[in-house]
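Working through the structure, step by step
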Amino acid sequence: MGISRPLRPVSPRPVLLTALASAGALLFTTLAPGSATADPRPGGRDVLREGSPLSSTERAAKAPKSAADRALGDAQSPGSGSRSGSGKDRGYPREQKLTAPPVNPDDKSIKLGLAPYHSLAPKLNALQGIGDRVSVEIAGRSAGGHQLYLVTVTAPESAKETARQERMRELIENAPAAAAKDRAVKASYKTPVFVNNNIHGNEWEGTDAALKLIEKLAKAEDGTTKDLLAHNRLYFNVTANPDGRIAGTRANANGFDLNRDFITASQPEVRAMRQIAIDKQPAVMIDLHGYVNGTLIEPTTPPHGENYEYDLFLKNSYANALGMEAAVNGLGYTPEKDGVEPAIIPFRDQEEGWDDWPPIFTPQYMPFHGAVAAHTIEFPMTVNNDEYDELPVPELRRRSAINVDIAGAAMSATLKYTQEHRTSVIADQIETFRRGAAGAAQVPVSPETVPGVPGIGPEDVYTTDFPRAYVIPRGKEKGARGQRSAAAASRLVEHLLDNDVRVRRATKDFRLGGTSYAEGSYVVDMRQPKRGMANVMLADGRDISDKVSTMYDISGWSLGRLWGATVNPVKGGSLSGVRTRAVDSASRVGHVASRGDLRLRLDDAREVAALNWLLKQGTSVRRAADGSVVLPSAARGAAAVAARKYDVAFDATKVKGGAVVRATRVAAAVTPGELLALREMNFEVVPVSTDVLNAGFDWKKSGADALFVSAGLAYQELNAGAKAGLDAFLAGGGGLVGRGAEGAALNSDAKLLAVEAVQGNGDANGVVRVVNAGGPVTGGAIGHSFVYAPLWFKGLGSGVRVDQSYATGNPLLSGHWRAVDGAGGPADAAGQASVVSGSAAGSRVVLFGTEPLFRDHPKGVFPQVGRALLSV
């Protein structure tokens, strides 16, 4: 019958058409100027992609170095992270006395009548003192240093019973076929339920609803509650984003939207949630947000993530959504009396615009760890942003109270669903893992395979062909290029292991899929319980441009293409002849040649970080023609320290270096993700913006050598003094690296490189094929990049070099990129320059039309920016 669900209107996104550009000018035309929001969700909630400039999230720029250090974690010490949960040998309750932080009268929760962060520890201490059902663990610390509280509510367990529960959990994941037949699992395994709250800091109310529910469960003596806690473990992440809760911001102290970070896990809060998913293995989870009126309850519109066992997921998610809808609507709030609209289930009520395609959101990540029902819940009454500042306190508190009530109803309904369907929910989790371990085919959704879910049509069918395996070559081939591959492979393998993907390493040379590989190469056997996680990270992804007209967020993200390692899918065949062993960490690859001068390739972010560290130590370094750097043999001792610290290789070379390389201090008007990526590469960064320059920024005192502009600095908005200071900096040899429309605009306004910047569809994003010209910026670069609102360059003036171009044909490998009114699509970008460089008016300039540092994600593309900054 096709689409039988009634369709609600979807707010259109603004789409930037091809720019009308000329040298010295950059002009944009906007489609449908009345469409003020980039958010297709009901209610027009203002959701900004991570491209927001630091000037609008100043906490990221002003955050202490410790915040960046917590985010970077072990990025500069490969292989030192932990992957196992703690406390598995202890029973429940696991009570501990929490230390309350100092009272903060400026906590933004207070105005809403909600619990400030400093009140949580005393409240949780009190709840642990009620009976024997409530336990609190510290799951980690936020970027801002605040403790993350994980509360477990369940009937008491002896250490022996907890160990038995853990054995059953491991059996479900590691031997799902056996678990499906195990009577003890069916009779006594406690279903794990995860409630995640306040991941967006200024969407507060889930935290307060959770505290109320925890207290109710701690005190209740009725048979229903006792039965619930005897058969389930309930996990509450009380506030996933305490930094944002306190400050009243969506982002954490580093300026990151945590609900965009799960595939990258750049932030400590996300790494904590990832570990909860691995250790607790939730079968059901909900993520509490705001604000959409009426209350929005997933499952989503198409496109649906192609790596899910979506038939099992949709069956449970839709049924649970119906229960939550009934509970929310049953509270009795009405549009006329309270301003509350009836609840919305996007799968049923919308055509597109709220999809579950990318695994970057909490509920879209959790299914790969076994969740067979996972939901975003958006309560209805807006209390953040303008409303927070403008509405009277009594109205804000009225709205917050309604939201707390609705969040509580959603939580209670989820517990009710889980208890009533406990056996089938666990059976479906087991089946998810069984299919992965057995290499079984996915089951396409249909009215027959998912009975009881109305409106399933061909637009909902998304499946994929899993390869038999992926091979990540060791990079043993001779020369520095192979060592770059080894460094990137090491980082990628560590990330896979951190996400509970099983990786093996070859103990002998082997041949697979018609290709020969060296001993030490990594093999990801796709017959494993979490094959969906492995594939969602390593696969190319899909071009879904023709599937829907709009997407909520990014549509392409392949680590196999963007993280710098070679990743080869093996479509079929047997692995029986490949001798391997399981690994729990990647082998280190750093080394220093025993004699001669040394060359360090700058093909990996770790190598750029190592170079910047060496420069800070005063090591003599010279530039090679291909963009690598050369150290004299006398620097071998410093190189040995850097090799250990950053796990990079220094090879012997006879190349004689040219110009001396000096440390580069970067003035940066960038996004939070770009700021973190620059710090990951060990650049000294001075955040700047239009406001900072207008306030009298002293270029000489700053010590800046280069300016990186992508967001938050507009030349035309500078006052006369700020323009004169910037012009003098550029004329005096200060370099410019520009990214995207704002970087290109600054180049044009400052009358530097003679290029015409053309922007494609502003909503386009994904993984693109590129052709590199080599040289200082793209020498040794990978053949793919990432774009969001892609830009390209035409009308190149004399002396402008093309460092990289979009591939011919269709450059989009995976993602969503459409032409608008016949323009701005991938066909227009094909073959056009994506990265250009040159010298003008005393300044060296590099311009990027791609997004090489997007959300701190495309690790294999970072070096292009590192090289650019060092070259200017």
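So, how was this worked out
- Residues numbered from 1 in each chain as written.
- Predicted model: local features only at pLDDT ≥ 70, side-chain atom pairs only at ≥ 80, totals over all residues.
- Heavy atoms only, no water.
- Helix = DSSP H or I, 4+ residues; strand = E, 2+ residues; numbered from the N terminus.
- Buried < 20%, exposed > 50% of the residue type's maximum accessible area, 1.4 Å probe, protein only.
- Contact = heavy atoms within 4.5 Å.
- Areas by Shrake-Rupley, 256 points an atom, 1.4 Å probe, with all protein chains shown as cover.
- Phe/Tyr/Trp six-rings, centres within 6.5 Å; stacked < 30°, edge-to-face > 60°.
- Lys NZ or Arg CZ within 6 Å of the ring centre and 35° of its normal.
- Pairing = 2+ DSSP bridges.
- Axes fitted to C-alpha atoms, helices over the stretch in contact; angles between N-to-C directions.
- Salt bridge = Lys/Arg side-chain N within 4 Å of Asp/Glu carboxyl O.
- Lys, Arg positive; Asp, Glu negative; His and termini not counted.
- Parallel < 35°, antiparallel > 145°, perpendicular 65-115°, else oblique.
- Left-handed = near helix turned anticlockwise from the far one by under 90°.
- Nonpolar A, V, L, I, M, F, W, Y, C, P; charged D, E, K, R; others polar.
- Polar contact = N/O pair within 3.5 Å; in protein donor to acceptor, adjacent residues only side chain to side chain.
- pLDDT = per-residue confidence, 0-100.

Re the overall build of the protein
The helix and strand inventory of the protein stands at 30 helices and 35 strands. Expressed as a percentage of its 872 residues, the buried residues of the protein come to 61%. When contacts within the protein are restricted to residue pairs at least 6 apart in sequence, those whose partners lie at least 24 apart make up 80%. About 29700 Å² of surface is accessible on the protein, with carbon and sulfur atoms providing 51% of the total.

Concerning the packing of aromatic side chains
Each aromatic ring pair is summarised here by two numbers: the centre-to-centre distance and the angle between the ring planes. Within this structure, the stated rule accounts for 19 aromatic pairs. An aromatic cluster of at least three residues, connected via ring pairs, comprises Tyr308, Tyr310, Phe313 and Phe368. Here the basic side chain of arginine 94 rests over the ring of tyrosine 92, its NZ or CZ set 4.2 Å away from the ring centre. Seen from the ring of tryptophan 563, lysine 859 lies directly overhead, with NZ or CZ sitting 5.9 Å from the centre.

Side note on unusual backbone geometry
Apart from glycine, the bulk of residues carry a negative phi angle, and the bulk of peptide bonds sit in the trans form. Put simply, glycine 290 and tyrosine 291 share a cis peptide bond, and its omega is 5°. Looking at the secondary structure, you find tyrosine 291 in the loop between β7 (284-290) and β8 (296-297). Put simply, proline 302 and proline 303 share a cis peptide bond, and its omega is -5°. Within the secondary structure, proline 303 sits in strand β9 (residues 301-304). Despite not being glycine, aspartate 821 shows a phi value in the positive range, around 55°. With respect to the secondary-structure elements, aspartate 821 resides in the loop between β33 (812-816) and α29 (826-829). Residue arginine 855 is not a glycine yet carries a positive backbone phi of 50°. Along the polypeptide, arginine 855 turns up in the loop between β35 (843-848) and α30 (862-871).

Quick look at the pairing of strand β32 (residues 801-806)
Judged from the three bridges that link them, strand β29 (residues 765-772) and β32 form a sheet pairing that is antiparallel. The residue of β32 that forms the bridge with asparagine 772 is glutamine 804. Relative to strand β34 (residues 833-840), β32 runs antiparallel, the two sharing four bridges. Paired with glutamine 804 across the two strands is valine 835, which belongs to β34.

Description of the sheet that holds strand β3 (residues 134-141)
With respect to topology, seven strands assemble into an open sheet ordered β3-β4-β6-β5-β7-β11-β8, the strand pairing being mixed. The open sheet has two edge strands with one neighbour each: β3 and β8. The pairing of strand β4 (residues 147-153) with strand β6 (residues 232-237) spans four bridges and is antiparallel. In the sheet register, valine 151 faces β6, and the bridge partner there is phenylalanine 236. Its contacts with the sheet place helix α7 (residues 205-219) against β3, β4, β5 (191-197), β6, β7 and β11 (373-379), and it is angled at close to 145° to β6.

Details of the sheet that holds strand β16 (residues 522-525)
Sheet architecture is open: five strands sit in the order β17-β12-β16-β13-β18, paired in antiparallel fashion. What marks the edges here is a single partner per strand, and that holds for β17 (568-570) and β18 (580-582). Direction aside, the axes of adjacent strands within the sheet are offset by 30° on average. As paired strands, strand β13 (residues 504-506) and β18 are joined by three bridges and run antiparallel to one another. Following the sheet pairing, arginine 505 is matched in β18 by arginine 581.

Overview of the pattern of salt bridges
Within the structure shown, the criterion is met by 49 salt bridges. Note that arginine 250 and glutamate 203 form a salt bridge whose closest N and O atoms lie 3.4 Å from each other. Of this pair, arginine 250 sits in the loop between α9 (242-247) and α10 (268-280) while glutamate 203 sits in the loop between β5 and α7, and the two are 47 residues apart along the sequence. The pair formed by arginine 250 and glutamate 203 is uniform in burial state, with each residue classed as buried. Of the charged contacts, one joins glutamate 309 and arginine 531 as a salt bridge, the two residues approaching to 3.0 Å between their closest N and O atoms. Taken as a pair, glutamate 309 in the loop between β9 and α11 (310-329) and arginine 531 in helix α19 (residues 531-538) lie far apart in primary sequence, 222 residues in all. Of the two residues examined, glutamate 309 and arginine 531, each falls in the buried class. One continuous salt-bridge network, built from bridges that share partners, spans Glu166, Arg169, Glu173, Asp500, Arg502 and Lys530.

Some points on the side chain of aspartate 261
Relative to the elements of secondary structure, aspartate 261 occurs in the loop between α9 and α10. Among buried charged residues, aspartate 261 stands out as having no salt bridge; its nearest opposite-charge side chain is arginine 271, 6.2 Å away.

Let's talk about the pairing of strand β26 (residues 706-709)
Burial along β26 is two-sided: Ala706 and Phe708 facing one way and Leu707 and Val709 facing the other are all buried. Sheet topology places β26 next to strand β27 (residues 735-739); four bridges connect them, and they run parallel. When the bridges of β27 are listed, alanine 706 appears paired with glycine 735.

Considering α30
The element α30 is extensively covered by neighbouring structure, given that ten of its ten residues are classed as buried. Listed as buried for α30 are Phe862, Pro863, Gln864, Val865, Gly866, Arg867, Ala868, Leu869, Leu870 and Ser871.

What to know about the packing of helix α21 (residues 605-616) against helix α22 (residues 636-646)
It is the contact of α21 with α22, at a shortest axis distance of 10 Å, that shows an interaxial angle of 140°. As summarised for this structure, α21 and α22 are arranged oblique, according to the angle between their axes. Between α21 and α22 lies a crossing of right-handed hand. Counting all contacts with α21, which are made through Arg606, Ala609, Ala610, Trp613 and Leu614, the residues of α22 involved are Ala638, Ala639, Val641, Ala642, Lys645 and Tyr646.

Describing the packing of α11 against helix α16 (residues 393-420)
Running from N to C, α11 and α16 cross one another at 135°; their axes reach a closest spacing of 8 Å. By the criterion of interaxial angle, the relationship of α11 to α16 is oblique. For the pair α11 and α16, the sense of crossing is right-handed. On α16, the residues touching Lys315, Asn316, Ala319, Asn320, Gly323, Met324, Ala327 and Val328 of α11 are Ile406, Ala409, Ala410, Ala413, Thr414 and Tyr417. Looking at side-chain class alone, the contact of α11 with α16 contains nine nonpolar, four polar and one charged residues.

Comments concerning the side chain of arginine 233
By secondary structure assignment, the location of arginine 233 is in strand β6. For arginine 233, a relative accessible area of 12% translates into the label buried. Polar side-chain contacts of arginine 233 include one of 2.9 Å to the side chain of glutamate 157. Other than its neighbours up to four places away in sequence, arginine 233 contacts Tyr92, Thr152, Val153, Thr154, Glu157, Thr162, Gln165, Lys190, Thr191, Pro192 and Val193.

Quick notes on the environment of alanine 139
Tracing the sequence through the fold places alanine 139 in strand β3. Since its relative accessible area comes to 28%, alanine 139 is described here as partly exposed. A C-alpha to C-alpha distance of 7.8 Å links alanine 139 and isoleucine 276, two positions 137 residues apart in sequence. Setting aside anything within four residues of it in sequence, one finds alanine 139 in contact with Leu148, Leu150, Ala272 and Ile276.

Some points on the confidence of the model for the protein
When pLDDT is averaged along the protein, the result is 91, and 90% of the positions lie at 70 or above. Low pLDDT, under 50, characterises residues 1-49; the stretch is placed with 126 contacts to residues that sit more than four places away or in other chains. Predicted confidence for residues 476-482 stays below pLDDT 50, and this span has eleven contacts to residues more than four positions away or in other chains.

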